[in-house]
Amino acid sequence: MRIIHCADLHLDSKMESNLNKEQAKIRRLELLDTFERMVDWAEANAVNAILVAGDMFDKGHIRKEAKKKVLTAIKEHPQIGFYYIRGNHDKSDFIEEGVDDVPSNLFMFSAESWNSYELENVVITGVELLSSNSGTIADRLVLDRAKTNIVMLHGQESNYDSKADAEIININSFKDKGIDYMALGHIHSYSLKTLDDRGVYCYSGCLEGRGFDETGDKGFVLLEILDGKIDTEFISFSARRLHEIVVEVDKDMDMMSVVSAVKNAVDEHDVDKQDLIKIVITGERDLDDDIDVNRIIRTFAENYFFVKCYDRTRTYIDYDSFLHDKTLKGEFVRLVQKQELSDDDKAAIIEMGIKAIMGEELD
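In short, a report on the structure. The shown structure was predicted, so the numbers you read here are calculated from the model rather than taken from an experiment.

We now examine the overall build of the protein chain. In terms of helices and strands, the protein chain carries 6 helices and 18 strands. Taken along its principal axes, the extent of the C-alpha atoms in the protein chain is 85 × 40 × 40 Å. Residue pairs in contact within the protein chain that sit at least 24 positions apart in sequence constitute 67% of those at least 6 positions apart. For the protein chain, the exposed surface amounts to about 18,300 Å²; the carbon and sulfur share of it is 46%.

This is the structure:
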């Protein structure tokens, strides 16, 4: 038997935090397209079930087009069972009240109690976590240890820092329950860890990265189940990847050298033309030099779907050169140098002060 575990699709996200209107529209459609491609991949690879461990959608109001695409994909693949548990972003059911043609191959879970569905000798059990049940839900879980047991939950692993609106999953409370695989959602990066002597717990991560806190490969987990034994494989599947590339420069580099260093760093990464890149310039620069962020963006923007750049360099101050400088700049530098401040704070104050003295525009 083959099962796909995915989560955190966040379909119908606005995608406007970094992108312009046209780029955001493209990415919003790509989220839906990746879901549809995954379902087609499941059919082509004889997958029996798809587990969606929460946050299928991104917000309470879902466009009819998005709901229709998801329901159509489910209906057009009746041989695949879809097991969907709501996450903290799924504020309402995407199946509207009064709808008569709910797909017969769509199986959902309530918050009232654990629900179980049997697929041959595999039992898929899940519950929607709420603040009212998250502390006691593990105590109410009873599984048949003779079966292969998959448990679905959406929430924050207890040894992670809690996020707003995320229910806590106390992993220790699920040990020795007869679980073979815990299919989890909420953490947007892939992670597979040992639960106990019998089972594992896994965050599949998201299908598509939406921001630069979601860099790298994104996709789903494929479970191969044979004679009660589960083998897992992470399948990279996103249409685009996001990269954060840190480039260190030094004070002796001019802008041409900085651009060349950025190009070398990008070439060293596995970046495709359709990907999104965040470039972070670090290191030291001379007091009189600026990092031309816009030039860097212009240099690479035509080669990739989206490029942004941040100047995180520190200003290098040669204090000795101002030691006997009798100008206002020298007096100002010596005054700041005497203050009980960090080197970074001194450099920032001196840079701003000298710009003011020279009549330059301050940022």
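A separate point is the sheet that holds strand 13 (residues 219-226). With mixed pairing, 6 strands are arranged side by side in an open sheet as 4-3-2-1-13-14. Strand pairing shows two members of the sheet lacking a second neighbour, strand 4 (106-108) and strand 14 (229-236), which therefore form its edges. Taking the axes of each pair of neighbouring strands and ignoring which way they run, one obtains an average angle of 20 degrees across the sheet. Relative to strand 13, strand 1 (residues 2-6) runs antiparallel, the two sharing 4 bridges. Note on strand 13: the bridge partner recorded for isoleucine 4 is leucine 222.

So, about the sheet that holds strand 7 (residues 148-154). Here 6 strands make up an open sheet; going across it, the order is 5-6-7-10-12-11 and the pairing mixed. Each edge of the sheet is formed by a strand with only one pairing partner; in this case those strands are strand 5 (115-119) and strand 11 (191-194). Shown here is a sheet whose adjacent strand axes are inclined to one another by a mean of 20 degrees, direction ignored. Pairing between strand 7 and strand 10 (residues 181-185): 5 bridges, direction parallel. Among the inter-strand pairings, histidine 154 is bridged to a residue of strand 10, identified as glycine 185.

Where two aromatic rings form a pair, the distance of their centres and the angle of their planes describe that pair. Tallying each qualifying case throughout the model produces 9 aromatic pairs. The interplanar angle of 65 degrees and the centroid separation of 5.2 Å between the aromatic rings of tryptophan 41 and phenylalanine 220 together place this pair among those described as edge-to-face. Linking tryptophan 41 in helix 1 (residues 21-44) with phenylalanine 220 in strand 13, this pair joins segments that are 179 residues apart in sequence. An aromatic cluster of at least three residues, connected via ring pairs, comprises Tyr83, Phe107, Phe109 and Tyr117.

Okay, the environment of aspartate 250 next. One can find aspartate 250 in the loop between strand 15 (242-249) and helix 3 (255-268). Exposure remark for aspartate 250: the relative accessible area of 38% places this residue in the partly exposed category. Note: C-alpha distance between aspartate 250 and glycine 283 (33 residues apart in sequence) is 5.7 Å. Engagement of the side chain of aspartate 250 in a polar contact is seen with the backbone nitrogen of aspartate 252, the distance being 2.9 Å.

Of all the positions in helix 5 (residues 328-337), only Gly330, Val333, Arg334 and Val336 are classed as buried. The buried residues of helix 5 occupy an angular sector of 165 degrees when projected down its axis, which confines them to one face.

What follows concerns a negative patch on the surface. On the surface, a cluster of negative charge is contributed by Asp254, Asp288, Asp289, Asp290 and Asp292. Mapped onto the fold, aspartate 292 is located in the loop between strand 16 (276-286) and helix 4 (293-301). Overall, the relative accessible area of 31% leaves aspartate 292 in the partly exposed class.

Its place among the elements puts histidine 154 in strand 7. A distance of 2.8 Å separates a polar atom in the side chain of histidine 154 from the backbone oxygen of alanine 53. Within the structure, the side chain of histidine 154 is placed 3.3 Å from the side chain of aspartate 55, a separation counted as a polar contact. Here histidine 154 is in contact with Asp8, Ala53, Gly54, Asp55, Arg86, Gly87, Asn88, Leu129, Ile169, Gly185 and His186, once residues within four sequence places are set aside.

Overall, the coordinates contain 0 disulfides when judged by the stated rule. In this structure cysteine 206 is not part of a disulfide, and its nearest cysteine sulfur, from cysteine 6, lies 11 Å away. Overall, the relative accessible area of 1% leaves cysteine 206 in the buried class.

Take unusual backbone geometry next. Here the phi dihedral of aspartate 176 falls at roughly 60 degrees; this positive angle occurs in a residue that is not glycine. Of note, aspartate 176 is situated in the loop between strand 9 (168-169) and strand 10. One non-glycine residue with positive phi stands out, namely aspartate 227, at about 55 degrees. Tracing the chain through its elements places aspartate 227 in the loop between strand 13 and strand 14.

Conventions we followed
Residues numbered from 1 in each chain as written. Predicted model: local features only at pLDDT ≥ 70, side-chain atom pairs only at ≥ 80, totals over all residues. Heavy atoms only, no water. Helix = DSSP H or I, 4+ residues; strand = E, 2+ residues; numbered from the N terminus. Contact = heavy atoms within 4.5 Å. Areas by Shrake-Rupley, 256 points an atom, 1.4 Å probe, with all protein chains shown as cover. Pairing = 2+ DSSP bridges. Axes fitted to C-alpha atoms, helices over the stretch in contact; angles between N-to-C directions. Phe/Tyr/Trp six-rings, centres within 6.5 Å; stacked < 30°, edge-to-face > 60°. Buried < 20%, exposed > 50% of the residue type's maximum accessible area, 1.4 Å probe, protein only. Polar contact = N/O pair within 3.5 Å; in protein donor to acceptor, adjacent residues only side chain to side chain. Arc of directions from axis to C-beta. Patch = residues over 30% accessible without salt bridge, like charges linked within 9 Å, V, L, I, M, F, W, Y side chains within 5 Å. Salt bridge = Lys/Arg side-chain N within 4 Å of Asp/Glu carboxyl O. Lys, Arg positive; Asp, Glu negative; His and termini not counted. Charge placed at Lys NZ, Arg CZ, Asp CG, Glu CD. Disulfide = S-S within 2.5 Å.

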